[in-house]
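# Structure assessment
The lines below spell out each chain.
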Amino acid sequence: MSDRLSWMLLSFPLPQLGSLRIRVSWFFLLLLMVYAVRFPAVLALAVVGIVLVSVLLHELGHVAGARLTGGSANEIHLTPLGGLAFVQPGRGTLAQVLTTAAGPFVNLMICLAAFPGSYAPDVLWGVLNPLVLPVDPVGSLSGDRLMRDLGLITFAVNWLLLLINLMPIVPLDGGHMVKALLATRIHPELVSRAAFQVGVVFSGVLMLAGLFGDWSPIVFVGAILMVVNVVQLFEEQTSELLDDSFLGYDFSEGYTSLDRSAPASSTPREARQSPLQRWREQRRLRREQEERQQQAEAERQLDSLLAKVHEHGMASLTAREQRLLQQVSDLLRERGKRPS
């Protein structure tokens with residue numbers, strides 16, 4: 001993540017859940033003040049509280065997914081815009097997809113449990129509109145309406161989180177699933193760029209839908225996601241990489257391990273490093289190692305394909321092998337032009 005964006009992680013800690021550290025953004029207080037201006041205080045507290053718990057359960061879903069697939073999890077940050085889960089999925093595409101999908105799956109289960117068909121059938125279809133709070137601010141959460149309104153708010157919040165996270169836009173969960181699936185079809189070095197291009201397209205579609213429907217919140221969200229993907233696409237193309245977990249959603253995108261332990265011989269400067277700084281440094285080192293491994297794999301694939309062409313001719317390559325040959329050749333040619 002860019003240093004200019006580190007202010008977004010201003011937070012306070014909650015009690016640890018086993019070995020898992022949990023931090024909550026101070027911006028929840030800002031969200032509470034915004035809702036308190038628009039709604040009665042009790043309703044504002046209920047909405048913000050349910051958002052906080054729902055985001056927490058969403059992130060715990062990612063943690064559980066990572067650990068069940070043989071990965072690890074160390075810390076989660078909860079923000080009004082969503083969560084950041086510092087987790088490392090197990091190996092393989094399936095593990096990455098399952099870890100990413102575990103968060104929206106939790107929201108889906110909550111939606112099914114809080115579905116208003118049995119206790120509020122009169123608002124059954126209206127509650128599916130993610131842009132409308134499905135309770136009347138006047139007299140809400142009072143008397144016999146308490147449980148009904150809490151159920152409706154719980155459904156609405158988790159329905160909104162589910163819809164947002166399934167969009168195939170980085171840094172949302174849907175964008176991460178797109179990246180994992182793209183990795184099975186194209187060369188690893190091209191995955192991030194292709195995912196950001198998909199994100200730019202779908203962000204544009206989201207903004208247009210908001211403009212035609214006169215839904216300013218959708219235009220706002222689409223604009224934020226557009227900026228994130230355009231910036232990251234530019235950084236990919238210029239080799240000045242941004243952390244792809246910015247806003248992560250959930251905004252949840254960065255799935256990575258976060259090693260907090262420091263060796264006894266650490267220098268004073270290392271000891272003063274914040275958790276976020278150590279995490280960024282660890283990501284940078286891991287990215288450099290991955291780039292070396294990917295270049296070695298690209299060279300191996302190129303050698304194998306050229307050997308086949310030398311022995312049997314260009315016609316012996318399948319259509320997929322010809323595309324791969326072109327991709328690998330372009331990749332190595334582009335790397336050869338980069339300044340050291």
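All figures in this text were calculated on a predicted structure; none of them were measured in a lab. (Residues numbered from 1 in each chain as written. Predicted model: local features only at pLDDT ≥ 70, side-chain atom pairs only at ≥ 80, totals over all residues. Heavy atoms only, no water.)

So, about the packing of aromatic side chains. Inspection of every chain in the model, using the stated rule, returns 4 aromatic pairs. An angle of 55 degrees between the planes, with centres 4.7 Å apart, marks the rings of F12 and W26 as tilted. One end of the pair, F12, is in strand β1 (residues 11-17); the other, W26, is in the loop between β2 (20-25) and α1 (27-38), and 14 residues separate them in sequence. Residue class for F12 comes out partly exposed when judged on its relative accessible area of 27%. (Phe/Tyr/Trp six-rings, centres within 6.5 Å; stacked < 30°, edge-to-face > 60°. Helix = DSSP H or I, 4+ residues; strand = E, 2+ residues; numbered from the N terminus. Buried < 20%, exposed > 50% of the residue type's maximum accessible area, 1.4 Å probe, protein only.)

What follows concerns the nonpolar core. Among the nonpolar cores identified, the biggest contains 32 residues, and F28, L43, I76, L78 and I153 are the most heavily contacted of them. With 9 residues, helix α2 (residues 41-68) is the single largest residue contributor to this core. (Core = buried A, V, L, I, M, F, W, Y, C linked by side-chain atoms within 4.5 Å.)

Taken as a whole and assessed by the stated rule, the structure comprises 4 salt bridges. Measuring nitrogen to oxygen at the nearest pair gives 3.5 Å for the salt bridge that ties D149 to R148. The exposure class of D149 is buried, given its relative accessible area of 0%. R148 sits in the partly exposed class, given a relative accessible area of 22%. Here the salt bridges share partners, and the residues they tie into one network are D122, R145, R148 and D149. (Salt bridge = Lys/Arg side-chain N within 4 Å of Asp/Glu carboxyl O.)

In a regular helix each residue adds 1.5 Å, so 21 residues correspond to 30 Å; helix α3 (residues 93-113) covers 30 Å between its end C-alpha atoms and thus fits that length. The largest bend in α3 is about 35 degrees, located at A102, with the proline P104 one to four residues further on. Along α3, the positions that sit buried rather than exposed are A95, V97, T99, T100, A102, G103, P104, N107, I110 and C111. (Expected span 1.5 Å × (residues − 1). Bend = angle between axes of the 7 residues up to and from the residue.)

What follows concerns a nonpolar patch on the surface. On the surface, F105, L108, M109 and L112 cluster together into a nonpolar patch covering about 370 Å² of accessible area. Within the secondary structure, M109 sits in helix α3. By relative accessible area, which is 37% here, M109 ends up partly exposed. (Patch = residues over 30% accessible without salt bridge, like charges linked within 9 Å, V, L, I, M, F, W, Y side chains within 5 Å. Areas by Shrake-Rupley, 256 points an atom, 1.4 Å probe, with all protein chains shown as cover.)

This next bit is on unusual backbone geometry. In this structure, P171 follows V170 across a cis peptide bond, with omega equal to 15 degrees. Structurally, P171 is set in the loop between α4 (146-165) and α5 (173-182).

A word on the packing of α1 against α2. Running from N to C, α1 and α2 point in directions that differ by 145 degrees, and their axes come no closer than 9 Å. When you trace α1 past α2, the crossing you get is right-handed. Taken together, the residues of α2 that come into contact with α1 (itself represented by F28, L31, L32, Y35 and A36) are A44, L45, V47, V48, V51 and L52. Within the contact of α1 with α2, the residues separate by chemical class into 11 nonpolar, no polar and no charged. (Axes fitted to C-alpha atoms, helices over the stretch in contact; angles between N-to-C directions. Left-handed = near helix turned anticlockwise from the far one by under 90°. Contact = heavy atoms within 4.5 Å. Nonpolar A, V, L, I, M, F, W, Y, C, P; charged D, E, K, R; others polar.)

Moving on to the packing of α2 against α4. It is the contact of α2 with α4, at a shortest axis distance of 10 Å, that shows an interaxial angle of 45 degrees. Looking at the two axes, α2 sits oblique to α4. For the pair α2 and α4, the crossing hand works out as right-handed. Across the interface between the two elements, L43, A46, V47, I50, V51, S54, V55 and H58 of α2 pack against L150, I153, T154, V157, N158, L161 and N165 of α4. Residues of the contact of α2 with α4, tallied by class, amount to 10 nonpolar, 5 polar and no charged. (Parallel < 35°, antiparallel > 145°, perpendicular 65-115°, else oblique.)

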